[in-house]
Amino acid sequence: MGYDVIIAGASFAGLAVAAQLPGKRVLLVDRKPIGAGQTSACGTLVSTLKALGLEDAILQVHDRLVVHTPGRSFVYPMTEPFCTFDYPVLCRLLWDHGNAQFIQAAVLGLNGDQVQTSDGSFRGGIVVDASGWRAVLASKVSPDLVRRDRLSFGLETTARCQGDGLHFWYDPTRLLPMGVTWAFPIGGLTRIGMGSYRGDTVLSPGLDRFLADLDLQRNGRHGGYFPHARRDPVVGSLFLVGDAAGQCLGLTGEGIRPALFFGSRLGQMLRALVDGEMSLAEARESYRYLVGVRVPGYDLLCLAQRILTRLPVATLQCLMAFVSLPPVLRRVLAMYLGAFRLGAPRGPAGRRIAPSLDAGVRARWN
Ligand SMILES: Cc1cc2nc3c(=O)[nH]c(=O)nc-3n(C[C@H](O)[C@H](O)[C@H](O)COP(=O)(O)OP(=O)(O)OC[C@H]3O[C@@H](n4cnc5c(N)ncnc54)[C@H](O)[C@@H]3O)c2cc1C
């Protein structure tokens, strides 16, 4: 049986692509049931969820971010609210938008237009790799795509305590060198985790010590790798999106907003492709362009991650105090939060399509 689009991975990125393709023949493949594979703290912008009709998944809204360093904390009021949300509910809502066919199977490889899975092979006109940091299909085509030295690792648990705001701790001596600890409240509970920019996977003892200091008990745990370096968004005949394309942001580790943003935009392009409004070459060029205009922002955050984690804490505190000045904070947040807006796109960063394309295609898409 042939599909218009086959999507490997049914988390944020894969479901966001599928949500833009109702009425098309779309197959989503994931080794876990939809909504069963939470790895993250699930913090993102309220406006991102609202733009996609996903606000029913919100658990708690947060209007400030607090960074704790040795001896000094910094409170950053947000210019627009963040939220923490329920992962299974969000996945179910996105899934309902798309009506794609789902099979629970492991994606194994690609043979021409055939996607091989543990449940048989399926033919797809377009294939999307949304399988997370492993990029299971694209890494078969391009074996050097996944660089282990460009992966961060995070581990998280849920504890019985409540609070307000998104909290981060940076204490390289007592907590974690080259990494952060966080607490994201979700109503009566809080998701507490640790993330290593070096990709260190032995985080359990440190996380347990942190919990013990706060007199809290660990309740389950989840986590995994997330990339901090972008990758090519088109590899061979494949479109890559979300962590598969290295679209998680450096320094902040925010990957949900980019996965939903690029997933939605890619889904819109693929719909135009299936409807014959765009050729495959035009869709590839447009998607590369959409990602390409954000490359300087990605590279800046990666550089900031490398530099800031090597600074003495006192120097870092001076920088953090500077960023907390209201005019500076407003500017930083406008740049950071404006990069993945899902409303009507404005200005060069919002353009959906490469300027070099045919004028007719451009008129329909810009
Ligand atoms: C501990 C931790 C906390 C985080 N907290 C946040 C946060 O609060 N906010 C934020 O914005 N980002 C956060 N992130 C980053 C964020 O989770 C990722 O960037 C985001 O999940 C990327 O979404 P994705 O859909 O691209 O990939 P994933 O969410 O990784 O989804 C990939 C999907 O592909 C499936 N898959 C993989 N291999 C196969 C295969 N062979 N066959 C079939 N299916 C397969 C997986 O089961 C999964 O469903 C966090 C990450 C971690 C590790």
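What you are looking at is a predicted structure, and each value in this text was computed from that prediction instead of being measured.

(A) Expanded view of the sheet that holds strand S10 (residues 151-159). As summarised here, the arrangement of the eight strands in space is S3-S5-S4-S11-S12-S13-S10-S14, forming an open sheet in which the pairing is mixed. Looking at the sheet topology across the chains shown, the edges are occupied by strand S3 (43-45) and strand S14 (219-227). Averaged over all pairs of adjacent strands, the angle between their axes in this sheet comes to 30 degrees, without regard to strand direction. For S10 and strand S13 (residues 190-196), the ladder comprises seven bridges, and the chain directions are antiparallel. Within S13, the residue paired with Leu 155 across the bridge is Met 194.

(B) Examining a positive patch on the surface more closely. There is a patch of like positive charges on the surface, built from Arg 31, Lys 32, Arg 134 and Arg 148. Note on placement: Arg 31 falls in the loop between strand S2 (26-30) and S3. For Arg 31, a relative accessible area of 52% puts it in the exposed group.

(C) Focus on the pattern of salt bridges. Throughout the structure, instances matching the rule amount to 10 salt bridges. Of the charged contacts in the structure, one is a salt bridge between Arg 174 and Asp 213, with a shortest N-O distance of 3.0 Å. With Arg 174 in the loop between strand S11 (166-169) and strand S12 (179-185) and Asp 213 in helix H5 (residues 204-213), this pair connects stretches of sequence that are 39 residues apart. For Asp 208, the salt bridge identified is with Arg 218, shortest N-O distance 2.8 Å. You can see Asp 208 sitting in helix H5 and its partner Arg 218 sitting in the loop between H5 and S14, a full 10 residues away along the chain. Since its relative accessible area comes to 31%, Asp 208 is described here as partly exposed.

(D) Molecular detail of the site of the ligand. Near the ligand you find 30 residues, and of these Ser 11, Asp 30, Gly 43, Val 107 and Asp 243 are the closest. At 2.7 Å, a backbone N or O of Val 107 approaches a nitrogen atom of the ligand. A distance of 2.8 Å separates an oxygen atom of the ligand from a polar atom in the side chain of Asp 243. For the shell around the ligand, the elements supplying multiple residues, two or more each, are helix H1 (12-19), S12 and S14. Here the residues of the shell around the ligand are counted per class, giving 14 nonpolar, 12 polar and four charged.

(E) View of the packing of H1 against helix H6 (residues 256-274). Where H1 contacts H6, the two axes come as close as 7 Å, and the packing angle between them is 30 degrees. Comparing their axes, H6 and H1 come out roughly parallel. Relative to H6, H1 is oriented so that their crossing is right-handed. Of H6, the residues touching H1 (which contributes Phe 12, Ala 13, Ala 16 and Val 17) are Ile 256, Ala 259, Leu 260, Gly 263, Ser 264, Leu 266, Gly 267 and Leu 270. Looking at side-chain class alone, the contact of H1 with H6 contains nine nonpolar, three polar and no charged residues.

(F) View of a nonpolar patch on the surface. Taken together, the side chains of Leu 300, Leu 303 and Ile 307 define a hydrophobic patch exposed on the protein surface, amounting to about 280 Å² of accessible area. Here Leu 300 shows up in helix H8 (residues 295-308).

(G) Highlighting the side chain of Asp 171. Structurally, the position occupied by Asp 171 is in the loop between S11 and S12. Arg 174 provides the closest opposite charge to the buried, salt-bridge-free Asp 171, at an N-O distance of 4.1 Å. Dropping the residues within four chain positions of it, Asp 171 is found in contact with Pro 70 and Leu 176.

Procedures and definitions
Residues numbered from 1 in each chain as written. Predicted model: local features only at pLDDT ≥ 70, side-chain atom pairs only at ≥ 80, totals over all residues. Heavy atoms only, no water. Pairing = 2+ DSSP bridges. Helix = DSSP H or I, 4+ residues; strand = E, 2+ residues; numbered from the N terminus. Axes fitted to C-alpha atoms, helices over the stretch in contact; angles between N-to-C directions. Patch = residues over 30% accessible without salt bridge, like charges linked within 9 Å, V, L, I, M, F, W, Y side chains within 5 Å. Areas by Shrake-Rupley, 256 points an atom, 1.4 Å probe, with all protein chains shown as cover. Salt bridge = Lys/Arg side-chain N within 4 Å of Asp/Glu carboxyl O. Lys, Arg positive; Asp, Glu negative; His and termini not counted. Charge placed at Lys NZ, Arg CZ, Asp CG, Glu CD. Buried < 20%, exposed > 50% of the residue type's maximum accessible area, 1.4 Å probe, protein only. Near = heavy atom within 4 Å. Polar contact = N/O pair within 3.5 Å; in protein donor to acceptor, adjacent residues only side chain to side chain. Nonpolar A, V, L, I, M, F, W, Y, C, P; charged D, E, K, R; others polar. Parallel < 35°, antiparallel > 145°, perpendicular 65-115°, else oblique. Left-handed = near helix turned anticlockwise from the far one by under 90°. Contact = heavy atoms within 4.5 Å.

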